Amino acid sequence: MSVFTDETRERAREIIARYPADRSRSALLPLLHLVQAEEGYVSPAGVTFCAEVLGLNKAQVGAVATFYTMYKRKPTGDFLVSVCTNTMCNVLGGQEVYDTLSEHLGVGHDETTADGTITLEHAECLAACDYGPVMTVNYDFFDGVDASTAVGVVDELRAGGRPMPTRGARLCTLKEMAVQLAGFADEREGAVADGGPGEPTLRGLRLAQEHGVSVPGFDPNTPIRSKAEADKAAAEAKAKAEAAKPAPVEASAAPVKGGDGASAPTGAAGVGEPAKPADATGPAEASGSTTRDVKAPDDKSPQVRTAETRQPDAGTAVPDAPGTKVPTDGTGTAPEAGDARSAEAAGVAANAPAGDGKPAGDEAGAQERNLTEAKAGTDADGAGPADANETGAQK
């Protein structure tokens, strides 16, 4: 029996409605956030739910859920604390911050405290090198942290407090954050009004303003058109383009001339009537070829065209057919049927693949010989394994 509420199902329908009917699979990422918002992680029931509403199988959903680290596959705490331990933050003390938190909380990477409050993880990069060392709580940033400030943050969280991030809105639980990642607004009163920008960000804006750096033609007051307005503008542009096309040239009323300069007989290709193509099964004189007429290569699939070009003994190949070339043996005659297959079989027999997949030169005989020589050297002079290895290397 499904564990998901009617509200979750209604939100799932709203998410799917954001995408074209034939592109509903694009809704999978926000749907995974949605089921995580209810259970705190993407459970097997969540995978089944996403598969059912999108018409996918569970393997397809599971492949996506296990690829992205933001989708948790086991129950996660109310607050996901991520500490950057990549190069820049590590040099500035990120690893020390992580080690201190791990010892203080008594958990390791991707583990949750016994009270279910904190899940700790080390992150490869949080894309905030100019603020390092950094850590995030449910993806909101705490910049320039050290071991003591990081411990203070997690202790306040475990005590029921909500420490203010350096940048971003007021902290919320991981489930509440998952709702926002699914595409729904933060409904807490005044939550998005909290926080502020970081000093490096403001410094960049000041430099841009000082040197007159801006996006060409950017108008911040330009309204964003709705879908209906965008569709209307596209329809008007299409109609304008159609109206600008030149009128089609009408067929000439002059009589159609034959190949000998005489007028075409009545009942043939008349005025304004296109000439009929020659029948492919008609006489050879219809196309001037010495063989039967064939369709142009554009009428064939690329696979058939390639087969006719490369297979010298194909039964349908025609020497002067467009797009085909039948090789000869030097005397001007095509090879007999089956020659290509015989040559291919001979080549396969002469180049048997390696049975054990070892690199070239990695022969068992050479290995045994080296081992025997090493052992013999050890037995003769009493040399240890290190000396034997050195002897082998010199040989």
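A few points on the structure. (Residues numbered from 1 in each chain as written. Predicted model: local features only at pLDDT ≥ 70, side-chain atom pairs only at ≥ 80, totals over all residues. Heavy atoms only, no water.)

### A closer look at the pattern of salt bridges
Stated precisely, the cut-off is as follows: The term salt bridge refers to a pairing of a side-chain nitrogen on Lys or Arg with a carboxyl oxygen on Asp or Glu at a separation within 4 Å. Think of it in three bands: with a 1.4 Å probe and only protein chains considered, a residue is buried below 20% of the maximum accessible area for its type, exposed above 50%, and partly exposed in between. Secondary structure elements follow DSSP: runs of H or I of four or more residues count as helices, runs of E of two or more count as strands, with numbering from the N terminus.
Applying the stated criterion to the full structure yields seven salt bridges. Salt-bridge contacts for Arg23 lead to Asp22; the nearest nitrogen and oxygen are separated by 3.2 Å. Residue class for Asp22 comes out exposed when judged on its relative accessible area of 57%. Between Asp115 and Arg158 there is a salt bridge, and its shortest N-O distance comes to 3.4 Å. Residue Asp115 is located in the loop between strand S2 (111-112) and strand S3 (118-123), and its partner Arg158 is located in helix H7 (residues 147-158); the two are separated by 43 residues in the primary sequence. Judged by its relative accessible area of 36%, Arg158 falls in the partly exposed class.

### Observations regarding the nonpolar core
Quick note on the threshold: The set of buried Ala, Val, Leu, Ile, Met, Phe, Trp, Tyr and Cys residues whose side-chain atoms join them within 4.5 Å is what this entry labels a nonpolar core. Residues are treated as being in contact if the distance between any of their heavy atoms lies within 4.5 Å.
With 25 residues, the main nonpolar core has Leu31, Leu32 and Val61 as its most contacted residues. Broken down by secondary-structure element, the contributors of at least two residues to this core are helix H1 (6-16), helix H2 (28-39), helix H3 (44-54), helix H4 (58-65) and helix H8 (174-181). If one sorts the elements of this core by residue count, H2 sits on top with six residues. If near-sequence neighbours (up to four positions away) are discounted, Leu32 is found in contact with Val42, Cys50, Val61, Val64, Ala65 and Tyr71. If you look at the next biggest cluster of nonpolar residues, it comprises 20 residues, including Val83, Tyr98, Leu101 and Val153.

### Points about H8
Residues of H8 that are buried: Leu174, Met177, Ala178 and Val179. Turning to H8, the residues buried within the fold contact H1, H2, strand S1 (79-84) and strand S5 (140-142). Of the residues one or two after H8, Gly183 is the one with positive phi, at around 105 degrees.

### With respect to the packing of aromatic side chains
Put simply, the test is: For Phe, Tyr and Trp, rings pair up if their centres lie within 6.5 Å, where Trp contributes its six-membered ring, and each pair is then called stacked (planes under 30 degrees apart), edge-to-face (over 60) or tilted (otherwise).
Applying the stated criterion across every chain yields a total of three aromatic pairs. Relative to Phe49, the ring of Phe4 has its centre 4.8 Å away and its plane inclined at 35 degrees; by these criteria the two rings are tilted. One end of the pair, Phe4, is in the segment before H1; the other, Phe49, is in helix H3, and 45 residues separate them in sequence. Phe49 matches Phe4 in its accessibility class, with the two residues each being buried. Plain terms: the ring middles of Phe67 and Tyr68 are 4.9 Å apart, the flat faces sit at 85 degrees to each other, and that makes the pair edge-to-face. The exposure class assigned to Phe67 is exposed, which follows from its relative accessible area of 63%.

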